[in-house]
Amino acid sequence: MSKPRILVVEDDAVARQNLEHILHKGDEYLIDAAVSGVQALELLERETYDLVLTDLRMEKVDGMAVLVKAKERHPDAEVIMLTAYASVDSAIEAMKRGAFHYLAKPYKIDEVRAHVAHALERTELKRELAELRRELKNRGGLDFIVGKSRAIEELVRTVRMIAPTEAGVLIQGETGTGKELFARAVHELSPRADRRFLALNCGAFTEELLSSELFGHEKGAFTGAAAAKPGLFEAAQGGTLFLDEIGDMPLAMQVKLLRVLQERVVTRVGGTQEIPVDVRIVAATHHDLKELSALGRFRSDLFYRLNVVVLNVPPLREHPDDIPLLAQHFTQIYAERLGKPAPTLSPEFLAELSEYRFPGNIRELENLVERAMTLSNGEVLTPRDLPREIREAPAGAEGADGGPGGLPTLEDKERQYVAEVLAHTGGNRTKAAEILGIDRVSLWRKLKKYGLES
């Protein structure tokens with residue numbers, strides 16, 4: 001492994017030479033020195049660094065500008081600020097902007113070495129994590145999105161296209177369709193993947209609590225605020241904030257959110273200081289925001305800011321081919337949670353699930369699988385492990401009275417042919433499925449549809 005490379009930025013010649021001497025001891029690092037902020041910006045453009053130590057107060061280009069450029073050019077690199085006692089407040093502000101630490105002058109030699117070693121460890125860990133994430137992506141990634149239907153594969157392709165950008169994303173879909181999973185996918189495939197992904201349901205809080213959760217509050221801002229608390233915007237710094245059910249956000253909060261998106265600063269409840277934030281917003285809703293906007297229940301300016309890229313997540317009934325895959329996925333999850341072997345899912349069990357319309361979407365499917373595994377003691381799940389309302393749900397087939405002119409419909413002919421094949425195989429459904437060129441789950445669905453399952 002190559003030696004870590006450090007940039008020292010100090011306009012005082014004696015202080016600069018002392019720092020170089022401290023860091024050169026042991027020949028552990030490669031050291032570059034800049035005599036001014038201007039020279040530091042030039043070096044940051046040309047070279048790659050693992051760590052930057054910069055004086056805060058310098059003429060023309062100060063340490064804050066060096067910090068901004070270092071983070072822009074080398075996001076993984078850490079920055080340590082060097083400051084006189086009188087400017088500690090400014091150094092703390094620099095830490096809010098991404099600095100790793102600050103050292104007040106005069107500093108101790110052991111203190112400098114300890115903070116440098118710690119900062120370089122953190123840089124290396126971030127790069128290792130980024131490499132692991134790249135490997136996962138190269139192997140396909142997004143294991144938490146289950147589905148092979150055209151609709152889901154098209155959504156995943158869109159996510160892969162938009163994730164590396166900073167575009168706002170609005171995810172639309174019914175409750176229980178997995179909108180948060182796609183929001184997480186946007187985050188995991190973005191340059192922000194090594195930072196936090198935080199989620200908030202906007203419909204679960206009053207306006208006052210929502211303000212406190214998003215923007216934080218200062219001590220004494222309201223009854224019960226015994227200590228200052230950062231909000232989710234601060235906690236998600238550099239990462240992604242998922243605002244679920246944003247259509248339920250009160251209008252007054254929409255105004256505050258719009259200001260944050262425009263100004264990229266937040267002010268805590270009860271505070272006056274503007275805190276810079278760098279957060280990507282992914283929003284989701286089961287409402288039609290355009291319709292809510294026309295009714296005056298959602299701000300049109302906020303809608304257009306959020307509505308840069310739209311992901312429409314389909315209800316489960318529109319991609320039933322994914323039901324067996326999802327059921328198997330949930331079976332593995334709950335087998336681990338319940339500490340029992342994963343049961344086999346019978347074709348009849350899967351056929352019953354595939355026939356059901358799932359008004360509660362994927363969330364309802366997960367609950368059904370969990371219920372079946374909790375109550376069943378067998379090694380195979382069958383329709384008997386499903387609630388009666390699922391088993392007795394209508395199959396959706398219409399009466400077969402023939403088409404116009406008394407001619408049989410295509411469904412009439414299919415029913416007749418399926419019955420003939422089943423009779424030919426003596427009721428052997430595996431052989432019948434082979435002859436028909438379909439799997440057993442599809443055969444079971446047809447048998448139920450045409451009343452041939454007995």
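Residues numbered from 1 in each chain as written. Predicted model: local features only at pLDDT ≥ 70, side-chain atom pairs only at ≥ 80, totals over all residues. Heavy atoms only, no water.

Points about the overall build of the chain
- Check the secondary structure of the chain and you find 19 helices and 16 strands.
- Computed over its C-alpha atoms, the radius of gyration of the chain comes to 30 Å, more than 25% above the 22 Å expected for a compact globule of 454 residues.
- Relative to its 454 residues, the chain shows a buried fraction of 44%.
- Of all intrachain contacts in the chain linking residues separated by at least 6 positions in sequence, the fraction that spans at least 24 positions is 70%.
- Averaging the locations of the 60 positively and 71 negatively charged side chains of the chain gives two centres separated by 0 Å. (Helix = DSSP H or I, 4+ residues; strand = E, 2+ residues; numbered from the N terminus. Rg over C-alpha atoms; globule rule 2.2 N^0.38 Å. Buried < 20%, exposed > 50% of the residue type's maximum accessible area, 1.4 Å probe, protein only. Contact = heavy atoms within 4.5 Å. Lys, Arg positive; Asp, Glu negative; His and termini not counted. Charge placed at Lys NZ, Arg CZ, Asp CG, Glu CD.)

With respect to the pattern of salt bridges
- Across all of its chains, the model carries 21 salt bridges by this definition.
- Note that Lys-69 is salt-bridged to Glu-72, the shortest N-O span being 3.8 Å. Of this pair, Lys-69 and Glu-72 both sit in helix H3 (residues 63-73), 3 residues apart, which is roughly one turn of the helix.
- Judged by its relative accessible area of 17%, Lys-69 is buried. (Salt bridge = Lys/Arg side-chain N within 4 Å of Asp/Glu carboxyl O.)

Topic: the sheet that holds strand E1 (residues 5-9)
- Pairing within the open sheet is parallel, and its 5 strands lie in the order E2-E1-E3-E4-E5. Lying at the two open borders of the sheet, with one neighbouring strand each, are strand E2 (30-34) and strand E5 (101-105). Strand after strand, the sheet turns through a mean of 20° between neighbouring axes, direction not considered.
- Looking at chain direction, E1 and E2 are connected through 5 bridges and run parallel. Across the sheet, residue Val-8 finds its bridge partner in E2, namely Ala-33.
- Strands in contact with helix H1 (residues 13-24) are E1, E2, strand E3 (51-55) and strand E4 (78-84); relative to E2, the strand with the most contacts, it is inclined by about 175°. (Pairing = 2+ DSSP bridges. Axes fitted to C-alpha atoms, helices over the stretch in contact; angles between N-to-C directions.)

Some remarks on the sheet that holds strand E7 (residues 197-201)
- Strand order in the open sheet formed by 5 strands is E7-E10-E13-E6-E14, and the pairing between neighbours is parallel. Only two strands of the sheet have a single partner each, and these edge strands are E7 and strand E14 (309-312). Looking at each pair of strands side by side, their axes are set apart by 20° on average, direction ignored.
- One ladder, built from 4 bridges, connects strand E6 (residues 169-172) with strand E13 (residues 280-285); its direction is parallel. Bridge pairing in E13 places Ile-171 opposite Ala-284.

Considerations on the environment of Val-255
- Within the secondary structure, Val-255 sits in helix H10 (residues 251-263).
- Once the C-alpha coordinates of Val-255 and Ala-226 are considered, the two residues, 29 residues apart in sequence, prove to be 27 Å apart.

As for helix H15 (residues 361-375)
- Between its terminal C-alpha atoms H15 stretches 22 Å, which fits the 21 Å expected from 15 residues at 1.5 Å a residue.
- Along H15, the residues that are buried comprise Asn-361, Ile-362, Glu-364, Leu-365, Leu-368, Val-369, Ala-372 and Met-373. Angular distribution of buried residues about the axis of H15 spans 165°; they occupy a single face of the element. (Expected span 1.5 Å × (residues − 1). Arc of directions from axis to C-beta.)

A word on the packing of helix H17 (residues 410-424) against helix H18 (residues 429-436)
- Between H17 and H18, the least distance of the axes is 9 Å, while the angle of their chain directions is 130°. The pairing of H17 with H18 is recorded here as oblique in orientation. Considering only the axes of H17 and H18, their crossing is right-handed. Side by side, H17 and H18 meet where Tyr-417, Val-418, Val-421, Leu-422 and His-424 of the first sit next to Arg-429, Ala-432, Ile-435 and Leu-436 of the second.
- Taken together, the residues of the contact of H17 with H18 break down into 7 nonpolar, 1 polar and 1 charged. (Parallel < 35°, antiparallel > 145°, perpendicular 65-115°, else oblique. Left-handed = near helix turned anticlockwise from the far one by under 90°. Nonpolar A, V, L, I, M, F, W, Y, C, P; charged D, E, K, R; others polar.)

Quick look at the side chain of Thr-425
- Checked against the element boundaries, Thr-425 lands in the loop between H17 and H18.
- Engagement of the side chain of Thr-425 in a polar contact is seen with the backbone oxygen of Leu-422, the distance being 3.0 Å.
- Here Asn-428 takes part through its backbone oxygen, which lies 3.2 Å from a polar atom of the side chain of Thr-425.
- Ignoring sequence-local partners within four residues, the contact set of Thr-425 consists of Lys-431, Ala-432 and Ile-435. (Polar contact = N/O pair within 3.5 Å; in protein donor to acceptor, adjacent residues only side chain to side chain.)

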